[in-house]
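# Fold and geometry: a report
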Amino acid sequence: MAVPDDTPMITPHGSVGVTVLGATGSIGTSTLDVIARHPDTYRVIALTANRQVELLVEQCLRFAPEFAVCVDERAAQQSSDWLKQAGSQTQVLSGVEGLERVASLPQVDQVMAAIVGAAGLYPALAAVRAGKRVLLANKEALVMSGQIFIDEVRRHNVELLPIDSEHNAIFQSMPVNFGEGLASVGVRRILLTASGGPFRHATADELARVTPAQACAHPNWSMGRKISVDSASMMNKGLELIEACWLFDTVPDSVQVVIHPQSVIHSLVEYVDGSVLAQLGNPDMRTPIAHAMAWPQRMDSGVDSLNLFDIARLDFAEPDMQRFPCLRLAYEVMRTGGTAPAILNAANEVAVQAFLDERLAFTAIPVVIEKTLEQVDCNEADVLDVIIADDQLSRVVAERLVAEGVR
Ligand code: NAD
Ligand code: MG
């Protein structure tokens, strides 16, 4: 675990209670790094993982949360045994119910939603319904059920702060009253930057032979495996386009994706008078994490100053939707609406896992998604059960396409 060298080993004991969902992941560990720098402000109430027992136990011994959750029952038992042996007071829960419980405890003020994929939806919704400040990294939750999620945010008057670096940059570049509607506050469009991933210059032939190790080696960001593959296929930018539409109440045609290989400008907002505001910084997720946790104040995140002399130049290009069809598919499903984005998301999760397991070629990822979209009927997305049913059906269809050897 990344424990900053310059931080004394004291358990955070401040007044702001935090639950970190997905604590053992890339965003989760960066969140704990930020919390460890501010032990007088924050207190860790709960940490959760799927089944990474060793790291979760290590984090519990370091941060002394009241609760830990392992979704996996056996992993929960193992964690509980190890923690007891070490003399820890942390109580271990299991299952999705455990995740929902620690997202809604009364002593929790902020919930970092950093579980990867559709699995993050219910715990993130539980945090919203309990009125917590939600620090949203789990973009798949919004992609699947954006309307329901945003309606619940409004109903419970929740502070929803984006952690995704682009959306955090957009949030920082928006006027404070952007919730009144982008047109009425003078915003013309959003410019969503993308690094272009590790295969920005690859030919179609080279893309067909890409390996999981190559796809997971992102040039600028260190991330979990799923989002790394999404970045390489540009589906990450597609999911982010959908995420931006929900967070900022806009339409796909008002969001322009801009390839910016240096990942220094994290996104921009253009106003009707021609002004363009942007947020810049080193590519390190501790900046958006610290911003969202401290908002509307600011606090140190441990991120180095941006050295513009070292960077020297910033480049921009239009995205290539021919070589990266995932981005085109994301624009299409968002225009279609209903459960189409949930179908795309589910098919993508299956295809990415199959690619990581070396059961599917990299270039077949968009093929699986497009065929799943053809085979699964899209429904209205105003009832969660309907969305979940379409998600499940899409997974079955996508798995069958993978098994049939679709190319
Ligand atoms: P990761 O794979 O590193 O970590 C995922 C975390 O979720 C782990 O703690 C894991 O134990 C937990 N998890 C996995 N499956 C689970 C399940 N079925 N039930 C409960 N918990 C489960 O992922 P990450 O890179 O930290 O990304 C997390 C989320 O943040 C994703 O939605 C991703 O798109 C988003 N995000 C990540 C970054 C980044 O830089 N890593 C940037 C922007 C957005
Ligand atoms: Mg991002």
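Residues numbered from 1 in each chain as written. Chains lettered and ligands numbered in written order. Predicted model: local features only at pLDDT ≥ 70, side-chain atom pairs only at ≥ 80, totals over all residues. Heavy atoms only, no water.

### Digging into the nonpolar core
Formed by 136 residues in total, the largest nonpolar core has its most connected members in Phe149 and Phe248. In terms of residues, this core owes the most to one element, helix H15 (residues 340-356), which gives eleven residues. Ignoring any residue separated from it by four or fewer positions in sequence, one finds Phe248 in contact with His167, Ile170, Phe171, Met174, Phe178, Leu182 and Ile190. (Core = buried A, V, L, I, M, F, W, Y, C linked by side-chain atoms within 4.5 Å. Buried < 20%, exposed > 50% of the residue type's maximum accessible area, 1.4 Å probe, protein only. Helix = DSSP H or I, 4+ residues; strand = E, 2+ residues; numbered from the N terminus. Contact = heavy atoms within 4.5 Å.)

### Here we look at the site of ligand 1
Around ligand 1, the surrounding shell holds 23 residues, and the nearest of these are Thr24, Ser26, Gln52, Glu140 and Gly224. For ligand 1, an oxygen atom lies 2.7 Å from a polar atom in the side chain of Thr24. Contact distances for ligand 1 include 2.9 Å between an oxygen atom and a backbone N or O atom of Asn50. Where the shell around ligand 1 is concerned, the elements lending two or more residues are helix H1 (26-36) and helix H6 (139-155). Taken together, the residues that form the shell around ligand 1 break down as twelve nonpolar, eight polar and three charged. (Near = heavy atom within 4 Å. Polar contact = N/O pair within 3.5 Å; in protein donor to acceptor, adjacent residues only side chain to side chain. Nonpolar A, V, L, I, M, F, W, Y, C, P; charged D, E, K, R; others polar.)

### A short note on the coordination of the magnesium ion (ligand 2)
Distances from the magnesium ion (ligand 2) to its protein donors, Asp164 (OD), Glu166 (OE) and Glu240 (OE), fall at 2.1 Å. Each donor residue of the magnesium ion (ligand 2) lies on one chain, and together they are spaced D-x1-E-x73-E. Remark: Glu240 occurs in helix H11 (residues 235-247) and Glu166 occurs in helix H7 (residues 165-173); sequence separation between them is 74 residues. For the residue pair Glu166 and Glu240, the accessibility class agrees, reading buried in each case. (Donors = N, O, S within 2.8 Å, 3.2 Å for Na, K, Ca; no water.)

### Description of the packing of H15 against helix H16 (residues 365-375)
Orientation of H15 relative to H16, taken along the N-to-C sense of each, is 145°, at an axis distance of 9 Å. H16 is crossed by H15, and the crossing has right-handed handedness. For the pair H15 and H16, the contacting residues are Ala340, Ile343, Leu344, Ala347, Asn348, Ala351 and Phe355 in the first and Ile365, Val368, Ile369, Thr372 and Leu373 in the second. (Axes fitted to C-alpha atoms, helices over the stretch in contact; angles between N-to-C directions. Left-handed = near helix turned anticlockwise from the far one by under 90°.)

### Things to note about the layout of surface pockets
As a volume, the second largest pocket reaches approximately 660 Å³. Contributing elements (two or more residues each) for the lining of the second largest pocket: H6, strand S7 (160-162), H7 and H11. Looking at side-chain class alone, the lining of the second largest pocket contains 17 nonpolar, five polar and four charged residues. (1 Å grid on protein atoms, 1.4 Å probe; cavity = no way out; pocket = protein on both sides within 12 Å on 5 of 7 lines; lining within 4 Å. Points joined across faces, edges and corners; volume = space filled by probe spheres on them.)

### Observations regarding the pattern of salt bridges
Counted under the stated rule, the structure contains 24 salt bridges. Where Asp320 meets Arg323, a salt bridge forms, and the shortest distance between an N and an O atom there is 3.0 Å. Among the ionic contacts, a cluster of salt bridges with common partners joins Lys139, Asp164, Glu166, Lys237 and Glu240. (Salt bridge = Lys/Arg side-chain N within 4 Å of Asp/Glu carboxyl O.)

### Some words on the sheet that holds strand S5 (residues 110-113)
One open sheet accounts for seven strands, arranged S4-S3-S2-S1-S5-S6-S7; its pairing is parallel. Looking along the sheet, the strands with just one partner apiece sit at the ends: strand S4 (91-94) and S7. The average undirected angle you get between the axes of adjacent strands in this sheet is 20°. Pairing of strand S6 (residues 133-136) with S7, which is carried by three bridges, proceeds in the parallel orientation. When the bridges of S7 are listed, Leu136 appears paired with Pro162. (Pairing = 2+ DSSP bridges.)

### A look at empty space enclosed by the protein
Enumeration according to the criterion identifies one cavity of 30 Å³ or more in this entry. Roughly 50 Å³ of volume is contained in the largest cavity. If you go around the largest cavity, the residues you meet are Ser165, Asn168, Ala169, Trp221, His266, Gln279, Asn282, Asp284, Thr287 and Pro288. Secondary structure elements with two or more residues in the lining of the largest cavity: H7 and helix H12 (286-294). Sorting elements by how many residues they give to the lining of the largest cavity places H7 first, with three residues. Considering only residue class, the lining of the largest cavity consists of three nonpolar, six polar and one charged.

### Looking at the pairing of S6
Burial along S6 is two-sided: Arg133 and Leu135 and Val134 and Leu136, pointing in opposite directions, are all buried. Following the chain from S5 across helix H5 (residues 121-129) to the adjacent parallel S6, one finds a crossover that is right-handed. The parallel pair S6 and S7, bridged by H6, forms a crossover whose chirality is right-handed. (Right-handed = clockwise from strand over helix to strand, strands pointing away.)

### Examining the side chain of Ser394
Following the sequence through the fold, Ser394 ends up in helix H17 (residues 384-403). Residue Ser394 is classed as buried on the basis of its relative accessible area of 0%. Within polar-contact distance, the side chain of Ser394 engages the backbone oxygen of Asp390 at 2.5 Å. Once residues within four sequence positions are removed from consideration, Ser394 is found in contact with Ile343, Ala346, Thr372 and Val376.

### A look at the sheet that holds strand S10 (residues 265-271)
Ordered in space as S9-S8-S10-S11, the four strands form an open sheet in which the pairing is mixed. Because the sheet does not close on itself, it has two edges, and the strands there are strand S9 (255-259) and strand S11 (276-280). Across the sheet, the mean angle separating the axes of adjacent strands is 20° when strand polarity is ignored. With five bridges connecting them, strand S8 (residues 187-194) and S9 associate as parallel partners. For Leu192, the partnering residue across the bridge sits in S9 and is Val257.

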